[in-house]
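# Residue-level structural notes
Here is what each chain is made of, one letter per residue.
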Amino acid sequence: MSVGALTTADSIFALLNQRSKGVWSTGSSGTGNIAASFALYLANFQAQTLGSLTGTTSGSAGSFAGLDAFFGSGNATTSPLSALTNSSSVDTLSATGRNSALFDPESAYKMMSFINNEDVDFKAQFSELSEMKSSIAGMQQDAASLGGITTATADDSIKSQLQTFASQYNDWVKRFDADMQSGGILAGTRAAQVSRSELDQSVENVFNGAMDGLHGMSDLGFSIDPVTKLATLDTAKLDSVLAGNRQGAVDTLQQFSASFAKAAQLLDSDGNFVPKQLDNLSRAIDYIDSNKSSLQAEFGLGDAAKPSGLVAQALAAYNRTYGVAASDLTAQA
């Protein structure tokens, strides 16, 4: 395999790695389309690999005349790229799953191993991010319910509702905390990280209640622990504010309810962070599923992915919900 071909393979790896940064376009056309971009990189890889086989990258008909016997064709003008991508012409996989027709079967095999692993990772991420999307929608409803608190609401009821919200918020944090740690399924996934950050900031917004002389929910005893990242409620502090500035406390709660619910709604809205990343992932899954057989025929089978731990659990959840094939995933999320 030529240096140019290896460089193109590296570019494919880089393209695939963009998924964790959420930069793949969701457009249906143009250079940003994942399927088109991936296909272009593969075409370049194929063409340069063929150049290494012939000792040239000129692309002229005469340059490929010596490959007639290799491809089993008497037509020297047949497209070499078509020959490489034709599974009936590249029926050269060895017993170990390598494509012996390539100059460097091992590098191509490693690339296919990488794609096999990415296929599993994409599906695990899609499953977990879908769960997060549903949880964010639930958190939106939970926060909106706090907006019903008025000055007439009994103290015990206010405390109970805030305790309930704190428990629901903490359940959400605990559910996805491991996913977002280093090495987790959603580690480095911007949609997940932004969701966590935005909802934390909504709780810690010091401008809620400013018109009433308060500095956000922390003045009501509701805050995020800087170490555990869990919500806590100091009921003694809440009792004190309700006794001394009840209207301010209620105004703060209502403003918090509206701002938190709005933040959750935006994160979950069409074209925003979570839905956009799900769309990116579904495109990547669909593309790999649709082209896996031809890719393996050309580059070798690659090592099968061996997911474990949380990735294996998420993949199992994906397969239970969507099956092996990816079809219209975003609509089902």
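Everything in this summary refers to the structure shown in the same document. (Residues numbered from 1 in each chain as written. Predicted model: local features only at pLDDT ≥ 70, side-chain atom pairs only at ≥ 80, totals over all residues. Heavy atoms only, no water.)

In this section: the overall build of the protein. What the protein contains, in helices and strands, is 12 helices and 2 strands. Reading the protein from its N end, one meets helices and strands in the order α-α-α-α-α-α-α-β-β-α-α-α-α-α. Taking contacts inside the protein between residues at least 6 apart in sequence as the whole, the part at least 24 apart equals 73%. Surface accessibility of the protein: about 15,100 Å² in total, with carbon and sulfur atoms responsible for 51%. (Helix = DSSP H or I, 4+ residues; strand = E, 2+ residues; numbered from the N terminus. Contact = heavy atoms within 4.5 Å. Areas by Shrake-Rupley, 256 points an atom, 1.4 Å probe, with all protein chains shown as cover.)

Counted at 1.5 Å a residue, the expected span for helix 11 (residues 309-322) with its 14 residues is 20 Å, and the 20 Å between its end C-alpha atoms agrees. For helix 11, the full list of buried residues reads Ala 314, Leu 315, Ala 317, Tyr 318 and Tyr 322. In a view along the axis of helix 11, the buried residues occupy a sector of 160°, so they form one face of it. Away from its buried face, by an angle of more than 90 degrees, helix 11 presents the exposed residues Gln 313 and Arg 320. One or two positions beyond helix 11, positive phi appears at Gly 323, with a value near 80°. (Expected span 1.5 Å × (residues − 1). Buried < 20%, exposed > 50% of the residue type's maximum accessible area, 1.4 Å probe, protein only. Arc of directions from axis to C-beta.)

Under the criterion given, the structure shown has 13 salt bridges. Close ionic contact of Arg 196 with Asp 200 constitutes a salt bridge, the shortest N to O distance being 3.9 Å. Of this pair, Arg 196 and Asp 200 both sit in helix 7 (residues 190-204), 4 residues apart, which is roughly one turn of the helix. Just as Arg 196 is buried, Asp 200 falls in that class too. Its salt-bridge partner being Arg 283, residue Asp 279 comes within 3.1 Å of it at the nearest N-O pair. With Asp 279 and Arg 283 both in helix 10 (residues 273-299), this residue pair falls 4 residues apart, about one helical turn. Residue classification places Asp 279 among the buried positions, given a relative accessible area of 18%. (Salt bridge = Lys/Arg side-chain N within 4 Å of Asp/Glu carboxyl O.)

Glancing now at unusual backbone geometry. Unusually for a residue other than glycine, Lys 229 sits at a positive phi of about 65°. Topologically, Lys 229 is positioned in the loop between strand 1 (222-224) and strand 2 (231-233). The class for Lys 229 is partly exposed, based on a relative accessible area of 36%.

We now examine the environment of Leu 233. Locating Leu 233 in the fold gives a position in strand 2. A relative accessible area of 16% means that Leu 233 is categorised as buried. Measuring from C-alpha to C-alpha, the distance between Leu 233 and Leu 220 comes to 8.2 Å, with 13 residues separating the pair along the chain. Leaving out residues up to four positions away in the same chain, Leu 233 has contacts with Lys 159, Leu 162, Gln 163, Leu 220, Gly 221, Phe 222 and Leu 238.

Time to look at the packing of helix 6 (residues 155-180) against helix 7. Helix 7 packs onto helix 6 with a crossing angle of 150° between their chain directions and a minimal axis gap of 11 Å. Between helix 6 and helix 7, the interaxial angle falls into the category roughly antiparallel. In this structure, helix 6 meets helix 7 at a crossing whose hand is left-handed. Packed against helix 6, whose contacting residues are Tyr 169, Trp 172, Val 173, Asp 177 and Met 180, the element helix 7 presents Ala 192, Gln 193, Ser 195, Arg 196, Leu 199, Asp 200 and Val 203 at the interface. Within the contact of helix 6 with helix 7, the residues separate by chemical class into 7 nonpolar, 2 polar and 3 charged. (Axes fitted to C-alpha atoms, helices over the stretch in contact; angles between N-to-C directions. Parallel < 35°, antiparallel > 145°, perpendicular 65-115°, else oblique. Left-handed = near helix turned anticlockwise from the far one by under 90°. Nonpolar A, V, L, I, M, F, W, Y, C, P; charged D, E, K, R; others polar.)

The next subject is the packing of helix 6 against helix 8 (residues 235-244). As a packed pair, helix 6 and helix 8 sit with axes 11 Å apart at the nearest point and diverge in direction by 135°. Judged by the inter-axis angle, helix 6 sits oblique to helix 8. Seen along the crossing, helix 6 lies across helix 8 with a hand that is right-handed. Across the interface between the two elements, Asp 155, Ile 158, Lys 159, Leu 162 and Gln 163 of helix 6 pack against Thr 235, Leu 238, Asp 239 and Leu 242 of helix 8. For the contact of helix 6 with helix 8, a count of residues per class yields 4 nonpolar, 2 polar and 3 charged.

Another aspect to go through is the nonpolar core. If you look at the biggest cluster of nonpolar residues, it comprises 60 residues, and the most contacted ones within it are Leu 129, Met 132, Leu 162, Tyr 169, Phe 222 and Phe 260. Counting residues per element, this core draws most heavily on helix 5 (residues 105-145), at 12 residues. (Core = buried A, V, L, I, M, F, W, Y, C linked by side-chain atoms within 4.5 Å.)

Its location among the elements puts Leu 162 in helix 6. Exposure remark for Leu 162: the relative accessible area of 0% places this residue in the buried category. Sequence spacing of Leu 162 and Thr 232 is 70 residues, and the spatial spacing of their C-alpha atoms is 9.5 Å. Not counting chain neighbours up to four residues away, the residues in contact with Leu 162 comprise Leu 146, Met 217, Phe 222, Leu 233, Leu 238 and Leu 253.

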